[in-house]
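In case you want the letters, here they are:
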Amino acid sequence: MENYLLRQRDYLLSISRAMTARLDLPSLLQLIIEKAVEMLRGEAGLIALLGRNGDFRVRASYGFPARTPQLFAPLLTDIPLHHAHWPVPDLYARLQLVAASAAINLRQVVGLPLTLEDKLIGVIYVFRTRDTAFSANDRQVLSSFADQAAIAVRNATLYQQLAEEKRRVDAIIENSADGVLILDAECRIQTMNRALAEITGWTPEQARGQPCRRVVALRNPQGMNICETGCPLDAFSKGSKLQVEGDIIRTDGHRTSVSITYSPLFDHEGTLVNIIGSVHDVTRFREAEEMKAMFISVISHELKTPVALIKGYASTLRREDAQWDEETVRESLVIIEEESDRLDRLINNLLEASRIQAGTLKMELSDVSVPRLAAKAVERFRVQAAKHQLRLDFSPEFPPLLADEERLQEVFYNLLSNAIKYSPEGGTIRVGGRVHRDHVELFVSDEGRGIPLDKQSRLFEPFYRVESSLGRRTQGIGLGLFLCKAIVEGHGGHIWVESAPGKGATFRFTLPLR
Ligand code: ADP
């Protein structure tokens, strides 16, 4: 008897070792049933668990030739759902049914409920092929195995729930539109999601293990790296959240304005384990704010200048105490006309820009002769371009294009007016185009001051000007090229610039041929 108890203890020990070593439910249940059969000197056994739909399903079996689930059906129906109502009624008759269909000689059976917190979760059976009945002691032993099986089920269920929960949290983090960053206590990156990968240009794999100050180095508006001068995370210790704002420079050099909220995660002993950062891209918001401020200052300046000129010349002309010769009157009227044109262009540009931003820019397409359109634009600027030579340079037999004539005219006006404005010393301005297989390429070139390479990518942004608006020498609000780009792209083409400082600038754009 003592020997028996020792063996039982050994079996249970090996099972609990296995349980701590693996969390895989099927293999644990298999181990439990095998050991239970051995321990009870039986020949076969099975464990069935109660599914969500109220049916029992065999999850582990031992000693049967084939594991066809239907085989066990008689033992798995009408099982008392409360262990107080056990044992299973008519067990012996059921056993005979199984024995007959399984074609094995099953003579004895013992079955016990698996219960977790008083709830039936399954059943364990052990069978013998000889006549020796299971004793009270056998039942007791089996009940220890049943307890182990129930614990294994609970552990595996908890583990499964945990894994599911983790998958859910991972999916939420991964698909969050905001950037998410998980740091260890040393501020090294453990995880970051796709949105943050886009903001920073780092892939999550590259970023893993990197110090946070490398990947999300924050710069203040003056361009100073605030992670180097004083890590914002040093400032927070207990409990509170921390919000910082700044610019992140992407790996490709682009700047993104972000607002980051860091929340610390402490373990039950109060030790910092993780810092969770939620990174919100506020570039658009920041740009909109800057644009609004710029808009007001630039517009008021730009509107005031022509209005002051027009008013000045008009009041001079209408002075009753003065006589003006014809030449002075004509020159004054030319200025009034030019300034009115400028005002008109400015207002048109503003209206167009607001239409683009509202997404309501609609093209009105018709057949357009681009060389004729360009010639008209050149004519219009002749007076202003007194110091320049204006040249038209189109390939012969330039085909008509399906385009919005007025808007295309606007593109030429803007590019020509820039070419004149930004080559104050004069020089040749060429307007022309070449025909390719499926598109035409048009250009406006000048020999003016040109544009530094690092400024070229931003030229087409609204309100962007190479000269700062404070120290500027030429008039303009930085909308012309933004409009050109929107119009060209609205036609299915694209626009770019080729230029070097002091070497003039060539603006080129394409338009598709039908
Ligand atoms: P604006 O001329 O009203 O400032 P644009 O959008 O037309 O606005 O042009 C944006 C900026 O691009 C200008 O401020 C100028 O700095 C630069 N730029 C445009 N065209 C030329 C050019 N032909 N040569 C040199 N710089 C140019």
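Thresholds, definitions, all that
- Residues numbered from 1 in each chain as written.
- Predicted model: local features only at pLDDT ≥ 70, side-chain atom pairs only at ≥ 80, totals over all residues.
- Heavy atoms only, no water.
- Helix = DSSP H or I, 4+ residues; strand = E, 2+ residues; numbered from the N terminus.
- Rg over C-alpha atoms; globule rule 2.2 N^0.38 Å.
- Buried < 20%, exposed > 50% of the residue type's maximum accessible area, 1.4 Å probe, protein only.
- Areas by Shrake-Rupley, 256 points an atom, 1.4 Å probe, with all protein chains shown as cover.
- Axes fitted to C-alpha atoms, helices over the stretch in contact; angles between N-to-C directions.
- Parallel < 35°, antiparallel > 145°, perpendicular 65-115°, else oblique.
- Contact = heavy atoms within 4.5 Å.
- Nonpolar A, V, L, I, M, F, W, Y, C, P; charged D, E, K, R; others polar.
- Expected span 1.5 Å × (residues − 1).
- Salt bridge = Lys/Arg side-chain N within 4 Å of Asp/Glu carboxyl O.
- Phe/Tyr/Trp six-rings, centres within 6.5 Å; stacked < 30°, edge-to-face > 60°.
- Lys NZ or Arg CZ within 6 Å of the ring centre and 35° of its normal.
- Pairing = 2+ DSSP bridges.
- Near = heavy atom within 4 Å.
- Polar contact = N/O pair within 3.5 Å; in protein donor to acceptor, adjacent residues only side chain to side chain.
- Left-handed = near helix turned anticlockwise from the far one by under 90°.

## What about the overall build of the protein chain?
Okay, so step 1: A count of helical and extended segments in the protein chain gives 15 helices and 17 strands.
Okay, so step 2: By the compact-globule yardstick of 24 Å for 514 residues, the protein chain is too spread out, its C-alpha radius of gyration being 42 Å.
Okay, so step 3: With the principal axes as the frame, the protein chain shows a C-alpha extent of 135 × 55 × 40 Å.
Okay, so step 4: Relative to its 514 residues, the protein chain shows a buried fraction of 43%.
Okay, so step 5: When the accessible surface of the protein chain is split by element, carbon and sulfur atoms take 53% of a total near 28,500 Å².

## Topic: the packing of helix α2 (residues 25-39) against helix α5 (residues 136-175)
Okay, so step 1: Contact pair α2 / α5: the axes reach a minimum separation of 10 Å and the direction vectors enclose 175°. Relative to α5, the element α2 is oriented roughly antiparallel. Across the interface between the two elements, Leu 25, Leu 28, Leu 29, Ile 32, Lys 35, Ala 36 and Met 39 from α2 touch Val 141, Leu 142, Phe 145, Gln 148, Ala 149, Ala 152, Val 153 and Ala 156 from α5.
Okay, so step 2: Partitioning the contact of α2 with α5 into residue classes produces 13 nonpolar, one polar and one charged.

## Let's talk about α2
Okay, so step 1: Helix length check: α2 (15 residues) gives 21 Å between terminal C-alpha atoms against 21 Å at 1.5 Å per residue, within 8%.
Okay, so step 2: All of the buried residues in α2 are Leu 25, Leu 28, Leu 29, Leu 31, Ile 32, Ile 33, Ala 36, Val 37 and Met 39.
Okay, so step 3: Note on α2: the residue one or two positions beyond its end, Arg 41, has a positive phi of about 50°.

## What about the pattern of salt bridges?
Okay, so step 1: Summed over the entire model, instances satisfying the criterion amount to 24 salt bridges.
Okay, so step 2: Between Arg 355 and Glu 352 there is a salt bridge whose closest N-O contact spans 2.6 Å. Separated by three residues within a single helix, Arg 355 and Glu 352 lie in helix α11 (residues 326-358), roughly one turn from each other.
Okay, so step 3: Of the charged contacts, one joins Arg 508 and Glu 441 as a salt bridge, the two residues approaching to 3.3 Å between their closest N and O atoms. With Arg 508 in strand β17 (residues 505-512) and Glu 441 in strand β15 (residues 439-445), this residue pair connects regions lying 67 residues apart in the sequence.
Okay, so step 4: Residues participating in the shared-partner salt-bridge network are Glu 245, Asp 247, Arg 255 and Arg 286.

## Things to note about the packing of aromatic side chains
Okay, so step 1: For the structure shown, the criterion picks out seven aromatic pairs.
Okay, so step 2: Where Phe 64 meets Phe 72, the ring centres are 4.8 Å apart and the plane angle is 75°; that geometry is what we call edge-to-face.
Okay, so step 3: Judged by centre distance (5.8 Å) and plane angle (70°), the rings of Phe 381 and Tyr 413 are edge-to-face. Of this pair, Phe 381 sits in helix α12 (residues 370-381) while Tyr 413 sits in helix α13 (residues 405-421), and the two are 32 residues apart along the sequence.
Okay, so step 4: Overall, the relative accessible area of 0% leaves Phe 381 in the buried class.
Okay, so step 5: Following the ring pairs from residue to residue traces out a cluster consisting of Phe 64, Phe 72, Tyr 125 and Phe 127.
Okay, so step 6: Across the ring face of Tyr 413, the terminal group of Arg 380 is positioned such that the distance to the ring centre comes to 4.1 Å.

## Notes on the pairing of strand β16 (residues 495-499)
Okay, so step 1: Residues Ile 495, Val 497 and Ser 499 point to one face of β16 and are all buried, whereas Trp 496 and Glu 498, pointing to the other face, are not buried.
Okay, so step 2: Here β16 pairs with β17 via five bridges, running antiparallel. From the neighbouring strand, Ser 499 faces β17, where its bridge partner is Ala 505.
Okay, so step 3: The hairpin turn running from β16 into β17, its antiparallel successor, is five residues long, and Gly 502 in that turn takes a positive phi close to 80°.

## Concerning the site of the ligand
Okay, so step 1: The ligand sits among 19 residues. The nearest are Asn 418, Tyr 422, Asp 446, Arg 465 and Leu 481.
Okay, so step 2: Here Asn 418 contributes a side-chain N or O atom positioned 2.7 Å from an oxygen atom of the ligand.
Okay, so step 3: If the ligand stood free it would expose 530 Å²; the protein chains cover 96% of that surface.
Okay, so step 4: Of all elements in the fold, only α13, α15 (480-490) and β17 reach the threshold of two or more residues within the shell around the ligand.

## Some points on the packing of α11 against α15
Okay, so step 1: Between α11 and α15, whose axes approach to 10 Å, the crossing angle comes to 50°. Taken together, α11 and α15 sit at an angle that is classed as oblique. Relative to α15, α11 is oriented so that their crossing is left-handed. Packed against α11, whose contacting residues are Asn 349, Glu 352, Ala 353, Ile 356 and Gln 357, the element α15 presents Gly 480, Phe 482, Leu 483, Ala 486 and Ile 487 at the interface.
Okay, so step 2: Taken together, the residues that form the contact of α11 with α15 break down as six nonpolar, three polar and one charged.

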